Structure formats: C-alpha cells, structure tokens
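# A closer look at the structure
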Amino acid sequence: MIYTDYLVIGSGIAGLTYAIKIASRFPTRNVTIITKMSEEESNTKYAQGGVAVVLNRTTDSFEKHISDTLIAGDGLCDASIVKLVVKEGPELLQELINWGASFDTGENGEFDLGREGGHSEYRVLHHKDSTGYEIEKTLLQQIDVLPNITLLTHHFAIDLITAHQVYSTAKNIQKCFGVYVFDQKTNTVKTIKAGNTLLASGGIGQVYGHTTNPAIATGDGIAMAYRAKANIQDMEFIQFHPTAMYSKNKGASFLISEAVRGFGAFLRNVKGERFMLQYDTRGELASRDIVSQCIDKELKKTATTYVFLDCTHLEVSAFKKHFPMIYEKCIECGIDIKNDWIPVIPASHYVCGGIVVDENGKTSLDNLYACGECSRTGLHGANRLASNSLLEALVFADRVYKHHTTLLPETMENIDIPDWVEIEIPTLLDIRIIEVYRKNLQKLMRQYAGIVRSNKELEIAVYSLAEIYKKVEKLYKQNSIHVELCELRNMINVAHMIITQSIARKENRGGYYNKDLVTEKITR
Ligand code: FAD
Ligand code: SIN
C-alpha cells in the first residue's frame with residue numbers, strides 16, 4: 001500500500017503542469033504521478049499547431065478569441081468558462097516560457113503567430129510543427145528537479161477506489177480514495193491511497209482506430225470515472241480532424257496540421273476542384289467540424305476514399321522552415337509537396353466531452369479532479385476551436401492547483417482498503433483474440449458512429465457493441481490483469497457513452513451530425 005498526498009494519473013501537459021505547481025508550493029507533501037508507458041508518451045507529445053492565446057492586444061483581443069470559441073462550439077459552450085480560459089491563458093503561457101519552452105519568433109523578435117480553422121486572427125504560438133514535444137520536454141525537465149515528485153512509468157491505472165471497495169466507510173458516499181494500479185514491470189497490482197486524485201489521462205482516439213492519436217489514447221480515465229459513477233457528458237461530440245494523411249494500409253494516422261491550411265494550402269476533391277468555398281465563405285479555414293463534414297460529403301459524391309491537400313503553390317523553403325516534420329514525413333511517403341498533392345482524410349482526433357468538472361476541476365466525486373482532454377469543462381461545447389486544448393489544460397491545471405492550496409489533503413489513515421484480488425486460476429489468454437475484438441470495435445465505431453450518423457446506424461451500433469461487450473467482460477473476469485484487455489474494456493465503455501449520448505441528442509450541433517435530424521446547411 002502506497003500513500004500519497006496528491007496522485008496524478010497521466011504525464012501529458014495537464015498532469016505535469018499540475019504536479020509541478022503543487023509540488024513546488026508544498027515541498028513537504030508528496031506527489032505521485034503514474035503513467036502507463038514511458039514518461040513522455042502522450043497526446044501532448046504529438047501536438048503540432050500550437051497554443052491559441054491572445055498576446056498582441058493591438059491586433060487581437062480577448063473578445064475575438066471568446067467569440068471564435070463560442071462560434072466553433074455551436075451554441076453549447078459555457079460562456080463563463082470560455083471567458084476565464086481565454087483571459088487566464090496569457091499569464092500561464094508566460095509561465096511555460098519561464099520554465100524553458102521556446103516558441104518561434106519572426107525577424108522582428110515578435111512571436112510568429114499561426115492561424116487555424118475557426119480563428120479570425122493569427123494567435124497560435126508554436127514551436128515549428130512540434131509544439132507538443134517542446135512543451136512535454138520542458139515540463140519533464142521541471143519534474144526532474146522536484147524531489148517530492150515520484151514519477152512511476154509503466155504503471156497502468158485499472159480502477160478508481162471508491163466507497164464501494166472501502167470497508168470502513170458508508171457505501172453511499174461519492175468519494176475517491178485512490179487507485180488500483182498495475183505495475184507492468186513486476187506484474188503486480190498496487191493500491192495507492194491518495195488525499196486527492198487528479199485524472200489527466202487524455203483522449204480516446206483509439207476507439208475509432210483511424211486516428212491522429214497515439215496508442216495510449218484509449219479513454220481509460222473517462223471509463224474509470226464512468227465505472228466510479230462520476231458524471232460524464234458530451235461524449236457524442238467527437239472531433240474528426242480533416243487532414244490526417246491517408247495511407248492505403250493504415251487508413252489515417254499522421255496529422256497534417258491545420259496550420260498548413262492556415263499557411264495557405266487548399267483542399268481539392270479527386271476531380272481537382274477546390275470545394276470548401278462552395279460550403280463556407282471561410283473556405284479551408286472554416287471550423288474543423290464543418291470541414292470534416294464537407295470532406296465526407298465530397299467523398300460520398302465522388303465515391304472515393306480521400307481528398308487532397310494542395311501545397312504546390314506555397315513557397316517550399318518557407319514551408320520547410322515552418323513544418324519540417326510534416327515535410328520530412330511527406331518525403332518519406334514519396335510525396336514532394338512542390339509537385340504532388342497530399343492525400344488526406346478526416347480521422348478521429350479529440351473528444352470534446354468527458355468527465356464533468358466545475359471551474360476548479362472538481363468532478364462529481366469528492367477528492368476526484370480531472371483536467372486536460374479527459375475532462376469536460378464547458379470550454380468546447382459541440383466542437384473545440386483549434387489549439388484551444390493545450391490552453392485549456394494549462395488553465396485548468398492551474399485552477400485545480402489553486403483550489404488545492406486552500407485544502408489540506410485527507411490523510412486516509414483510518415481508511416481500510418482491501419488489496420486487489422487476483423483471479424485464482426486464470427485461463428490462458430490468447431492475445432490475438434483481444435486484437436480481433438479491438439478491430440471489430442474500431443470498425444463498428446467508424447461505420448456506425450462516425451462523422452455522419454443515422455438513427456438506424458446507431459441502433460446497429462448498440463447491439464453490435466453489446467455482443468463485443470459480453471465477450472470481453474467474460475474474458476476480463478476469467479483472466480488476471482492484462483493491459484491490452486483493460487484498455488479494450490475501457491474503449492468499450494467509451495464507445496457505449498458515445499453511442500448512447502448520440503442517441504439522446506435530438507439536434508445536430510457542431511461535431512454531432514445525424515442525417516435523420518436533417519440540417520440542410522452545414523455552415524454557420
Ligand atoms: P495526454 O497528453 O494525452 O496525456 C495523457 C497521459 O495519461 C499519458 O501520459 C498517458 O500515458 C496517461 N494515461 C492514460 N491512461 C492511463 C492509465 N490507465 N494509467 C496510467 N496512465 C494513463 N491541441 C492543441 O491545443 N494544439 C495542437 O496543436 C494540437 N495538436 C495535436 C496534434 C495531435 C497529433 C494530437 C493527437 C493532438 C493534438 N492536440 C492539439 C490535442 C492535444 O494535444 C491534447 O488534447 C492534449 O495534449 C491532451 O493533454 P492531456 O495532458 O490531457 O493528455
Ligand atoms: C493541428 O495542428 O492541426 C492540431 C491542432 C489542434 O488539434 O488543436
């Protein structure tokens with residue numbers, strides 16, 4: 001049994017930022033970060049475009065950023081949360097810079113601001129096209145020098161500990177006492193008791209298979225919170241990024257940043273037509289939900305599997321300077337951006353909903369907090385504005401931290417938590433079967449709960465998912481802890497929330513589009 005004052009699940013921007021702040025403020029209290037792979041592996045590490053923040057208040061304004069966020073969110077943002085995130089952003093960005101993160105500047109020494117879909121101004125700070133890597137590296141350097149932080153890699157959180165497991169407490173209290181975690185190096189399950197637990201476990205992209213997200217994005221935190229009966233909302237609003245590079249074998253995976261469209265690239269259909277202006281006056285820089293829905297229409301109209309991103313008219317040396325990683329990836333795939341168009345398709349990218357939190361990042365369970373992509377703060381509404389996610393993580397990590405400075409972490413001394421009970425005689429698990437169920441799940445989600453949904457398809461999704469669920473639950477009950485199996489179980493929980501919350505939504509908004517709820521106009 002381990003006791004920690006502050007437990008952080010996840011080592012992306014949200015978890016690390018919080019950990020640095022709380023550990024620096026309370027050097028005598030201990031902070032434990034657990035993460036299921038290596039310390040840097042996260043969605044954060046792959047972020048390309050940058051951080052949206054208003055720095056130059058002569059050309060830009062808080063009002064404009066607020067308005068762009070509200071428009072992108074299609075009427076479902078919480079306006080008070082939008083305001084506070086936009087206004088608190090600049091100071092927190094400066095803090096990140098003070099910790100050592102570097103963002104590109106132009107010849108005049110000012111920040112070189114990029115632009116992405118839905119933004120009315122150039123306001124995206126970036127580090128070439130590897131902004132996330134720069135941020136992750138900077139945060140990990142800070143973590144390294146704080147002696148009261150323990151970072152446990154290859155530690156997989158299985159389930160939150162709630163009153164249900166605890167002997168010495170009433171069963172009806174809604175509270176988190178810590179987590180059961182599987183140490184993948186020793187193959188043992190540990191019990192971590194925590195005064196406060198922060199879920200910073202990131203996104204869900206792998207639920208769809210074709211995704212810009214890395215393998216870690218299996219929605220574990222959202223699924224754990226769901227099983228612990230925390231409130232989860234807006235899961236129907238899955239953001240499909242319009243331009244993932246198309247690959248015949250893998251479908252979609254590598255992201256071509258929206259900043260490339262901000263830099264002037266065009267979208268063309270298979271006939272070579274630049275189609276976006278037919279749908280939206282903002283053309284390629286309409287918000288992401290709109291561009292993905294338009295691409296989906298074009299694909300159906302032309303019976304093809306991808307459209308093209310045309311960069312041939314852009315200056316190659318400037319392109320290489322801004323997007324060196326994307327340029328190299330294209331070369332590696334035999335695409336010379338000067339002469340060739342890049343084949344792209346929309347891919348699952350970001351979950352706008354998640355674990356419901358208040359303005360301090362608190363969930364509906366006591367002692368349980370959430371921030372970053374796994375949380376639902378009210379900032380994104382029905383569709384996230386590009387580059388608002390890193391910003392949200394910075395702001396909410398700070399808010400949870402500030403809230404915790406006003407509270408003493410519970411000691412949990414008298415809390416009696418049983419150890420994890422392992423299956424006595426586990427069956428021999430054939431790992432290939434997990435892969436088969438995982439692929440079935442991903443295909444089902446792409447076919448029946450993708451960019452465009454229908455009542456009939458959602459109905460099919462319900463019973464197809466129920467079949468997979470039954471088989472996987474049986475496997476889970478018959479086997480000792482196995483990370484891929486736990487992840488699959490979590491993805492099934494997440495898929496269930498996406499499907500049921502889709503069925504409950506009775507109007508098309510932002511990233512949710514059901515063709516039986518006809519909305520003639522895609523644009524807004
Ligand atoms: P993550 O960075 O995903 O970190 C989650 C952490 O939780 C990981 O360390 C993971 O290993 C750990 N974890 C998960 N489950 C468990 C478990 N069961 N046990 C233990 N640990 C666990 N947003 C922007 O604002 N601007 C951009 O330019 C941008 N570009 C993007 C480009 C790509 C390719 C992708 C995929 C996303 C991009 N996003 C961007 C979105 C943004 O990167 C993420 O939303 C953000 O980084 C999420 O941060 P996080 O800390 O919440 O989660
Ligand atoms: C991108 O660079 O296109 C991703 C930006 C984001 O997801 O906010």
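See the structure shown above.
The model shown is predicted, which means the values in this text are computed figures rather than measured ones. Position labels on residues start from 1 in each chain and follow its written sequence. To read the labels, note that chains go from A and ligands from 1, taken in the order they are written. The predicted origin of the model limits local features to residues at a pLDDT of at least 70 and limits the giving and counting of side-chain atom pairs to 80 or more, whereas totals for whole chains, interfaces and linings rest on all residues. The basis for the side-chain values is all heavy atoms of the structure; hydrogens and waters are excluded.

Let's shift gears to the sheet that holds strand β17 (residues 375-376). Only when DSSP finds a minimum of two bridges between them are two strands counted as paired. Segments assigned H or I by DSSP are reported as helices when at least four residues long, segments assigned E as strands when at least two residues long, and all are numbered from the N terminus. Strand order in this open sheet of three strands is β9-β15-β17, and the pairing throughout is mixed. The open sheet has two free edges, formed respectively by β9 (232-233) and β17, since each of these has just one partner strand. Bridge analysis of strand β15 (residues 354-356) against β17 gives two bridges, and the strand direction is parallel. In the strand pairing of β17, I355 is matched with S375.

Time to look at the side chain of K45. With respect to the helices and strands, K45 occurs in the loop between β2 (31-34) and β3 (51-52). Three exposure classes are used, based on accessible area relative to the maximum for each residue type with a 1.4 Å probe and protein chains only: buried under 20%, partly exposed in between, and exposed over 50%. On the basis of relative accessibility, which here comes to 19%, the residue K45 falls in the buried class. Pairing of N or O atoms within 3.5 Å defines a polar contact, subject to two protein rules: one partner must be a possible hydrogen donor and the other a possible acceptor, and residues neighboring in sequence count only if both atoms are side-chain atoms. Reaching out from K45, the side chain makes a polar contact with the side chain of E41 at a distance of 3.0 Å. Contact definition: two residues touch when any of their heavy atoms are within 4.5 Å. Non-local contacts of K45, meaning those with residues more than four positions away in its chain, are made with E40, G132, Y133 and E136.

When we say a residue is near a molecule or strand, we mean one of its heavy atoms is within 4 Å of it. Within the structure, ligand 2 sits among Q48, G49, E116, H241, L255, S257, E258, R288, H349, R384, A386 and S387. Within the side chain of R288, one N or O atom sits 2.9 Å away from an oxygen atom of ligand 2. Note on areas: these come from Shrake-Rupley sampling with a 1.4 Å probe, and a residue is covered only by the protein chains present in the view. Computed on the free molecule, ligand 2 has an accessible area of 260 Å², of which 92% lies beneath the protein chains in the complex.

On to empty space enclosed by the protein. Here a cavity denotes grid points, spaced 1 Å and computed from the protein atoms alone, that fit a 1.4 Å probe unable to get out, and a pocket denotes an open set having protein on both sides within 12 Å along at least 5 of 7 lines; residues with an atom within 4 Å of a point are the lining. Grid points are joined across faces, edges and corners, and a volume is the space filled by probe spheres set on the points. In this structure the tally under the stated criterion is three cavities of 30 Å³ or more. Considered as a void within the structure, the largest cavity measures approximately 60 Å³ in volume. What lines the largest cavity is simply I238, Q239, F240, D289, S292, Q293, N383, I451, G510 and G511. Listing elements by their share of the lining of the largest cavity, those giving two or more residues are β10 (238-247) and α8 (288-302). The residue makeup of the lining of the largest cavity, split by class, is three nonpolar, six polar and one charged. Note that Gly is not counted as nonpolar here; it falls among the polar residues with everything else outside the nonpolar set of Ala, Val, Leu, Ile, Met, Phe, Trp, Tyr, Cys and Pro and the charged set of Asp, Glu, Lys and Arg.

This part takes up the side chain of N493. Position of N493 relative to the elements: it lies in helix α14 (residues 483-504). In contact with N493, not counting residues within four places along its chain, are A223, Y226 and R227.

The immediate surroundings of ligand 1 are formed by 38 residues, with T44, G49, G50, E373 and S389 found nearest. Between ligand 1 and L390 there is a distance of 2.9 Å, counted from an oxygen atom to a backbone nitrogen or oxygen. Computed on the free molecule, ligand 1 has an accessible area of 1,000 Å², of which 99% lies beneath the protein chains in the complex. If you tally residues by element for the shell around ligand 1, the top one is strand β6 (residues 155-162), at three residues. Per-class residue counts for the shell around ligand 1 are 13 nonpolar, 20 polar and five charged.

A separate point is the nonpolar core. Counting residues in hydrophobic clusters, the biggest one holds 68 residues, and the most contacted among them are L199 and L441. Here the element with the most residues in this core is α14; it accounts for eleven residues. Not counting residues up to four positions away in its chain, the partners in contact with L199 are I9, L160, G221, M224, A225, I355, L368, Y369, A370, C371 and C374. Here, nonpolar core refers to any group of buried Ala, Val, Leu, Ile, Met, Phe, Trp, Tyr and Cys residues whose side-chain atoms link them within 4.5 Å. Of all hydrophobic cores here, the second largest spans 52 residues; its members include A19, I22, L84 and L96.

Okay, unusual backbone geometry next. Among all residues except glycine, the phi angle is most often negative; among peptide bonds, the trans geometry is most common. Not every positive phi belongs to a glycine, and D74 is a case in point at roughly 55 degrees. Tracing the sequence through the fold places D74 in the loop between α2 (62-72) and α3 (79-98). Its identity is not glycine, yet A303 carries a phi of approximately 50 degrees, on the positive side. Position of A303 relative to the elements: it lies in the loop between α8 and β13 (307-310).

Considering the arrangement of structural elements, one finds D340 in the loop between α10 (324-332) and β14 (342-351). Among the residues examined, D340 registers a relative accessible area of 30% and is labelled partly exposed. Through-space distance from the C-alpha of D340 to that of R268 is 12 Å; in sequence the pair is 72 residues apart.

Every case where a carboxyl oxygen of Asp or Glu lies within 4 Å of a side-chain nitrogen of Lys or Arg is listed as a salt bridge. For the structure shown, the criterion picks out 34 salt bridges. Between E134 and K137 there is a salt bridge, with its nearest N and O atoms 3.1 Å apart. Taken together, the positions of E134 and K137, both in helix α4 (residues 131-144) and three residues apart, correspond to about one turn of that helix. Relative accessible area serves as the criterion here: at 7%, E134 is assigned to the buried category.

Turning next to α3. Given a helix with a known number of residues, its expected span is that number minus one, times 1.5 Å. Between the first and last C-alpha of α3 there are 30 Å, a value that for 20 residues agrees with the 28 Å anticipated at 1.5 Å per step. Across the chain, bend at a residue is computed as the angle between axes fitted to the seven residues ending at that point and the seven starting from it. Largest kink in α3: about 40 degrees, centred on G89, with the proline P90 one to four residues after it. Within the span of α3, buried status applies to I81, V82, L84, V85, V86, G89, P90, L92, L93 and L96. In this structure, the buried side of α3 is in contact with α1 (13-25), β3, α2, β4 (124-125), α4 and α11 (389-404). G100 sits one or two positions beyond α3 and adopts a positive phi of about 125 degrees.

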